[in-house]
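Inside the fold
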Amino acid sequence: MELYPPKFNSFRNALNANVHRFQLNCFLAIFEAEHMTKLSQKILELRDSETLAMAARSRALAAQGYSVINLSLGEPDFPTPLHIQEAAHEAIRNNFTYYTPVAGYAETRKAVSEKLLRDNQLEYSPEQIVCSTGAKQSIINLLLCLLNPGDEVLLPAPYWVSYLSMIEWASGIPVVLPSGVEQSYKIRPEQLEAAITPKTKAFLFSSPCNPTGSVYTAAELEDLARVFRKYPDIVVISDEIYEYINFLPQHDSILHCAGMQERGVIINGLSKGFSMTGWRFGYLAASQEIATACVKLQGQFTSATCSITQRAAIAALTGDLTPTHEMRDAFRSRRDVALERLLSIDGIRCNRPDGAFYLFPDISHYLGHTFNGQTIQDAGALCDYLLNEAHVALVAGDAFGAPGCLRMSYATGEDRIKEAMDRIERALSALES
Ligand SMILES: Cc1ncc(COP(=O)(O)O)c(C=O)c1O
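Residues numbered from 1 in each chain as written. Predicted model: local features only at pLDDT ≥ 70, side-chain atom pairs only at ≥ 80, totals over all residues.

Take the overall build of the protein next. Along its length, the protein carries 15 helices and 14 strands. Within the protein, contacts between residues separated by at least 24 positions form 72% of all contacts whose residues are at least 6 apart in sequence. (Helix = DSSP H or I, 4+ residues; strand = E, 2+ residues; numbered from the N terminus. Contact = placed C-beta atoms within 7 Å.)

What follows is the structure, given as structure tokens:
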């Protein structure tokens, strides 16, 4: 009879082996770490962020002296515009350094509500705005306030990496709606309607989209809205964090379609359009009921976001958008350079993204190819290969619900992009079919 259940392998092996006391202590320490954890099942089951993991691996390789080009991160490489920096300095000098109201200063919420009217023609009172430490917090606040266990959330794939974990953490069930490169990674209305069940509580998507850069046109949004109008209880969550990195003549929000604002929630923030990832400012705009619930939640867990950031946000939201438009133009020109090079590589298929700063090529052509006798089984293996052999860091599509694809961020200088493409092309041509 086994004295210990099979999962206690390290402990059992240690006892079976004729080991020294010191070694036994080491085994016991490992045993404790593996099996005597104080952590909850919920945190143990939470996935690590693939994008952060890849960034860490790329940094580790760079620390060993390799010249790594990191195209794995979703972060603009420009400095925050000067007038926003100045507003932050002034905030400190004027002692905006105390706790603020949980949902944000009245002036900050007013600036958000004016922005929504100016840019999106959507009317919200400042009381319907909740500012948070980034769009990320706004989304988890919202899901925790909306979902009961077992509620389904429709999630078009490829999706932003954190949506899935957030829905699960909030006890919801993600219902993934896949879309491939041949449909520019955008779901069709028939697909949406087919996925709706009596348990559908919400729909969550980003346009412009992370990871694909796809942007739904006004007509495509109206096609989706037409389906939603038949199901008035579904909450439509529109993550518009890439609003200002949109290469189409204008940004369209699904909440602008008839009947959508009343049951929709806008998520947005300053990280991408103003290059303010470290400042931590996001917000949601919703019905009064939902906004009040989010304030209640945030009040217990984090309180408001940084007071200085909130003052700087007023300058960003109400100030000159020229620097933002210049960044967008730079991203568009990088997109052109990166896409042209990518499409010239044998076997790669990619859509022409109209926003954000990502390319999302379908690389399934290379699956099953070999290098030094090793078979590239999936996109993760191809990422490992490109990191180790070409020293270019990308993220496997599996993390975004799209196996067979890779995400490539072009939020870096054109020279780096060209060098990365040279390396990728060389490495892929070294694979054997
Ligand atoms: C689609 C999407 N939503 C939300 C976020 C989170 O942004 P923030 O920095 O405001 O938390 C990101 C960041 O990568 C994103 O890509």
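Interhelical geometry of helix 5 (residues 82–93) versus helix 12 (residues 307–318) gives an angle of 140 degrees and a closest axis separation of 8 Å. Taken together, the axes of helix 5 and helix 12 lie oblique to each other. Considering how the two elements wind past one another, helix 5 and helix 12 form a crossing that is right-handed. Between helix 5 and helix 12, the residues in contact are His-83, Ile-84, Ala-87, Ala-88, Ala-91 and Ile-92 and Ser-307, Ile-308, Arg-311, Ala-312, Ile-314, Ala-315 and Ala-316, respectively. Tallied by class, the residues present in the contact of helix 5 with helix 12 amount to 10 nonpolar, two polar and one charged. (Axes fitted to C-alpha atoms, helices over the stretch in contact; angles between N-to-C directions. Parallel < 35°, antiparallel > 145°, perpendicular 65-115°, else oblique. Left-handed = near helix turned anticlockwise from the far one by under 90°. Nonpolar A, V, L, I, M, F, W, Y, C, P; charged D, E, K, R; others polar.)

On to the nonpolar core. Membership of the largest hydrophobic core comes to 122 residues, with the highest contact counts inside it found for Leu-284, Val-392 and Leu-406. Counting only domains with at least three residues in this core, you end up with domain 2 (50–79 + 323–429) and domain 3 (82–320). When neighbours within four sequence positions are excluded, Val-392 is seen to be in contact with Ile-69, Leu-71, Leu-386, Leu-387, Ala-420, Arg-423 and Ile-424. (Core = buried A, V, L, I, M, F, W, Y, C linked by C-beta atoms within 7 Å. Buried ≥ 20, exposed ≤ 12 C-beta atoms within 10 Å, placed from the backbone. Domains from an automatic or database assignment.)

Spatially, three strands are ordered 9-14-13 in an open sheet, and the strand pairing comes out antiparallel. Strands with a single pairing partner mark the edges of an open sheet, and in this sheet they are strand 9 (358–359) and strand 13 (395–396). Of the pairings in the sheet, the one linking strand 13 to strand 14 (residues 406–409) comprises two bridges and is antiparallel in character. By the bridge assignment for strand 14, Val-395 is matched with Arg-407. (Pairing = 2+ DSSP bridges.)

The next subject is helix 8 (residues 161–169). Note: α-helices contain 3.6 residues per turn, so residues at a spacing of three or four share the same orientation. For helix 8, the complete set of buried residues consists of Val-161, Tyr-163, Leu-164, Met-166 and Ile-167. In this structure, the buried residues of helix 8 make contact with helix 4 (50–63), helix 7 (135–146), strand 3 (152–156), strand 4 (173–177) and strand 5 (200–206). Just past helix 8, the residue Ser-171 takes up positive phi, approximately 70 degrees.

Cis rather than trans, the peptide bond between Ala-157 and Pro-158 has omega equal to 0 degrees. Along the chain, Pro-158 turns up in the loop between strand 3 and helix 8. With an omega dihedral of 25 degrees, the bond running from Asn-210 to Pro-211 counts as a cis peptide bond. Within the element layout of this structure, Pro-211 appears in the loop between strand 5 and helix 10 (218–228). For Ala-356, which is not glycine, the phi dihedral falls at a positive 55 degrees.

All right, on to the environment of Pro-126 then. With respect to the helices, strands and loops of the structure, Pro-126 is situated in the loop between helix 6 (106–120) and strand 2 (129–132). Of the residues examined, Pro-126 has 19 C-beta atoms within 10 Å and is grouped as partly exposed. For the pair Pro-126 and Leu-71, spaced 55 residues apart in sequence, the C-alpha separation works out to 38 Å. Residues in contact with Pro-126, not counting those within four places in the same chain, are Ala-106, Arg-109, Lys-110 and Ser-113.

Let us now look at the confidence of the model for the protein. On average, residues of the protein score 92 in pLDDT, and 92% of them reach the 70 mark or higher. Contacts for the low-pLDDT stretch residues 1–19, under 50 throughout, to residues beyond four places or in other chains number 14 contacts. (pLDDT = per-residue confidence, 0-100.)

It is the contact of helix 14 (residues 379–390) with helix 15 (residues 414–429), at a shortest axis distance of 10 Å, that shows an interaxial angle of 110 degrees. Taken together, helix 14 and helix 15 sit at an angle that is classed as roughly perpendicular. Considering the relative orientation of helix 14 and helix 15, their crossing is right-handed. Where helix 14 abuts helix 15, its residues Tyr-385, Leu-386, Glu-389 and Ala-390 lie against Arg-423, Ile-424, Arg-426 and Ala-427.

With that settled, consider the pairing of strand 14. Here strand 14 shows a buried face lined by Leu-406 and Met-408 and a second buried face lined by Arg-407 and Ser-409. Where strand 9 and strand 14 come together, two bridges link them in antiparallel fashion. The residue bridging Leu-359 from the neighbouring strand is Met-408, located in strand 14.

On to the environment of Leu-154. Assignment of secondary structure puts Leu-154 in strand 3. Given 23 C-beta atoms within 10 Å, Leu-154 falls into the buried group. Sequence separation between Leu-154 and Phe-205 is 51 residues; the distance between their C-alpha atoms is 8.6 Å. Ignoring any residue separated from it by four or fewer positions in sequence, one finds Leu-154 in contact with Val-175, Leu-177, Leu-192, Ala-195, Thr-200 and Phe-203.

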